[in-house]
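# Topology and contacts: notes
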Amino acid sequence: MKTHKIGVIMNGVTGRMGTNQHLMRSIAAIVKEGGVKISDGEAILPVPVLVGRNEAKLAKLAEQSGIGAAYTTDLDAALADPANQVYFDAQLTQLRAPAVRKAIEAGKHIYCEKPSGTTTEEAYELYKLAKEKGVKQGVVQDKLFLPGLLKLKNLIDTGFFGEILSVRGEFGYWVFTGHDAIPVQRPSWNYRKEDGGGIIIDMLCHWRYVLDNLFGEVKSVSCLGATHIKERIDEQGKPYVCTADDAAYATFELEGGVIAHFNSSWTVRVRRDDLLTLQVDGTKGSAVAGLRGCVIQPYGATPRPVWNPDVDQTIRFYDNWMDVPTNQVFDNGFKIQWEMFLRHVVLDTPWKYDLREGAKGVQLAEAGLSSWEKRCWVDLEALPV
Ligand SMILES: NC(=O)c1ccc[n+]([C@@H]2O[C@H](COP(=O)([O-])OP(=O)(O)OC[C@H]3O[C@@H](n4cnc5c(N)ncnc54)[C@H](O)[C@@H]3O)[C@@H](O)[C@H]2O)c1
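Predicted, not measured: the structure shown is a model, and the values here were computed from it.

Helix and strand counts for the chain come out as nine helices and 18 strands. In terms of overall size, the chain behaves like a compact globule, its C-alpha atoms giving a radius of gyration of 22 Å where 385 residues would be expected to give roughly 21 Å. Once the C-alpha set of the chain is aligned to its principal axes, its extents read approximately 75 × 55 × 45 Å. For the chain, the residues scored as buried account for 43% of the 385 residues in total. Summarising the internal contacts of the chain: among those between residues at least 6 apart in sequence, 70% fall at separations of at least 24.

Spelled out as structure tokens, the structure:
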């Protein structure tokens, strides 16, 4: 078996995303499978180098990974090693652009978490730099590889909906505040603007690539943000003032006429099929996709409700939907995208999730924030290729 060994610097790997999705579910899983198979006798083997500030944490994580991962607190030394061809970044958002810039200058191929920068200008600059330097470049767009969204894409491609009219996205769940001794589920920086937090910058990046890829390029946005909860408790048990938005109510106009509306909230309790649901209504049928599942209601099975508050509802609305069957095994979405990126690096296979796509996500988030501030619709300009 011929193996193409690719050193992958993984910075910010001790964080929630770095550890769970990128190291354990993606890179370690790929290594344990013997690499990304590219032919009967050939595979690409990622060789991770875990980078962070705390050596003890890195050592523990290297051990946990079960693949004997190397680790260092010296990013410059990792960048200087020619065996490390890829730089991956899942640090705090604010730290991303300076670190990615440095890695591009060191000639590394780039793969990073979203948002790829804190402003469109910063994120787009990375795209231009990487292009000038001729390195490969990618941004995580994991939601596209969720089984539920893949089922939705299949329905779109096979014409199930007829003309698509609208898309309703409901994202969110109750993130505990840390009061009443109930542990929180998200890091405290998410709720501090000065640390790069806020649900608009976090989630509108995702909604941009979901909408662009499935329903049409986003042309315009109207967004209202809110900081519903004013005080939370941090990792040290200290109260802090929430300075970032924890909910966003956003409407998008798409190329081709589809209207999308997404509610994103860390202050909502779930009474729906999943933490993210996308309802798509078309002239010939509707569908609701969650992370893994998807249900449909074709035109011919659409109930005919009549408004009458004087009698109890006779239609059980949840009963009139059919499951889209799971006809294939779906791998972890982050892992699928990593495998695609590694193939792109070694074999130059087609790849569309570059830093320009990442910058488009930041652009929508920035436009959302601007719309909220100015209380008006904001149009999006195409970013040059
Ligand atoms: N694709 C997705 O679905 C998704 C989901 C959540 C978060 N993210 C993105 O991933 C990135 C990391 O988010 P997370 O939830 O893993 O955060 P986290 O707080 O759990 O991890 C942050 C990482 O940055 C490191 N770091 C480096 N310098 C730091 C400093 N000065 N202060 C604090 N931490 C520092 C931490 O050690 C840690 O490894 C963010 O940019 C976020 O937007 C993506």
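After that view, the rundown keeps rolling.
All right, on to the site of the ligand then. Around the ligand lies a shell of 20 residues, among which G15, R16, M17, T93 and P187 are the nearest. Contributions of two or more residues to the shell around the ligand are made by α1 (16-32) and α4 (93-105). Among the elements that make up the shell around the ligand, the one with the highest residue count is α1 (three residues). Of the residues assigned to the shell around the ligand, the class counts are seven nonpolar, seven polar and six charged.

Right, let's get into the nonpolar core. I9 and I110 are the most contacted members of the largest nonpolar core, which totals 93 residues. Counting residues per element, this core draws most heavily on helix α7 (residues 199-214), at eleven residues. Leaving out residues up to four positions away in the same chain, I110 has contacts with Y87, V100, A103, I104, A130, V135, Q137, G138 and L355.

We now examine the domain arrangement of the chain. Each domain of the chain was delimited in the assignment, giving domain 1 (2-142 + 333-353) and domain 2 (144-328 + 364-374). Here the C-alpha centre of domain 2 lies 28 Å away from the C-alpha centre of domain 1. Listed as interface residues are 14 residues of domain 1 and, on the opposing side, twelve residues of domain 2. For the side of domain 1 that touches domain 2, the secondary-structure elements that each account for two or more residues are α4 and α8 (333-347). At three residues, the largest contribution of residues to the side of domain 1 that touches domain 2 is made by α8. Residue composition of the side of domain 1 that touches domain 2, grouped by class: three nonpolar, eight polar and three charged.

At their nearest, the axes of helix α5 (residues 120-133) and helix α9 (residues 355-374) sit 8 Å apart, and the two run at 170° to each other. Considering their axes alone, α5 and α9 lie roughly antiparallel with respect to each other. Residue-level inspection shows T120, A123, Y124, L126, Y127 and A130 of α5 in contact with α9, the latter providing L355, R356, G358, A359, V362, Q363 and E366. Residues that form the contact of α5 with α9 fall into these classes: eight nonpolar, three polar and two charged.

Attention now moves to α1. Since the α-helix packs 3.6 residues into each turn, any two residues three or four apart lie on the same face. Residue L23 marks the point of greatest curvature in α1, where the axis turns by about 45°. Close packing links the buried residues of α1 with β1 (2-11), β2 (36-39), β3 (42-51), α2 (55-65), β5 (84-89) and α8. Where α1 ends, the next residue or the one after it, G34, has phi of about 90°, a positive value.

Pairing of β2 with β3 involves three bridges; the strand directions are antiparallel. Bridging across to β3, V36 finds its partner in I44. Following β2, the chain reverses through two residues before pairing antiparallel with β3.

In this section: the sheet that holds strand β12 (residues 247-254). Strand order in the open sheet formed by nine strands is β17-β16-β15-β14-β8-β13-β12-β9-β18, with mixed pairing between adjacent strands. Either end of the sheet is taken by a strand with one partner, and the two such strands are β17 (322-323) and β18 (378-379). Both strand β8 (residues 164-172) and strand β13 (residues 259-265) contribute to a ladder of seven bridges, which runs parallel. Bridged to R168 within β13 is H261. Contacting β14 (276-282), β15 (285-289) and β16 (294-298), helix α6 (residues 147-157) runs over the sheet at an angle of about 165° to β15. In the packing of α7 onto the sheet, contacts are made with β8, β9 (218-226), β12 and β13, and the angle to β12 comes to roughly 25°.

About the cut-offs
- Residues numbered from 1 in each chain as written.
- Predicted model: local features only at pLDDT ≥ 70, side-chain atom pairs only at ≥ 80, totals over all residues.
- Helix = DSSP H or I, 4+ residues; strand = E, 2+ residues; numbered from the N terminus.
- Rg over C-alpha atoms; globule rule 2.2 N^0.38 Å.
- Buried ≥ 20, exposed ≤ 12 C-beta atoms within 10 Å, placed from the backbone.
- Contact = placed C-beta atoms within 7 Å.
- Near = placed C-beta within 6 Å.
- Nonpolar A, V, L, I, M, F, W, Y, C, P; charged D, E, K, R; others polar.
- Core = buried A, V, L, I, M, F, W, Y, C linked by C-beta atoms within 7 Å.
- Domains from an automatic or database assignment.
- Axes fitted to C-alpha atoms, helices over the stretch in contact; angles between N-to-C directions.
- Parallel < 35°, antiparallel > 145°, perpendicular 65-115°, else oblique.
- Bend = angle between axes of the 7 residues up to and from the residue.
- Pairing = 2+ DSSP bridges.

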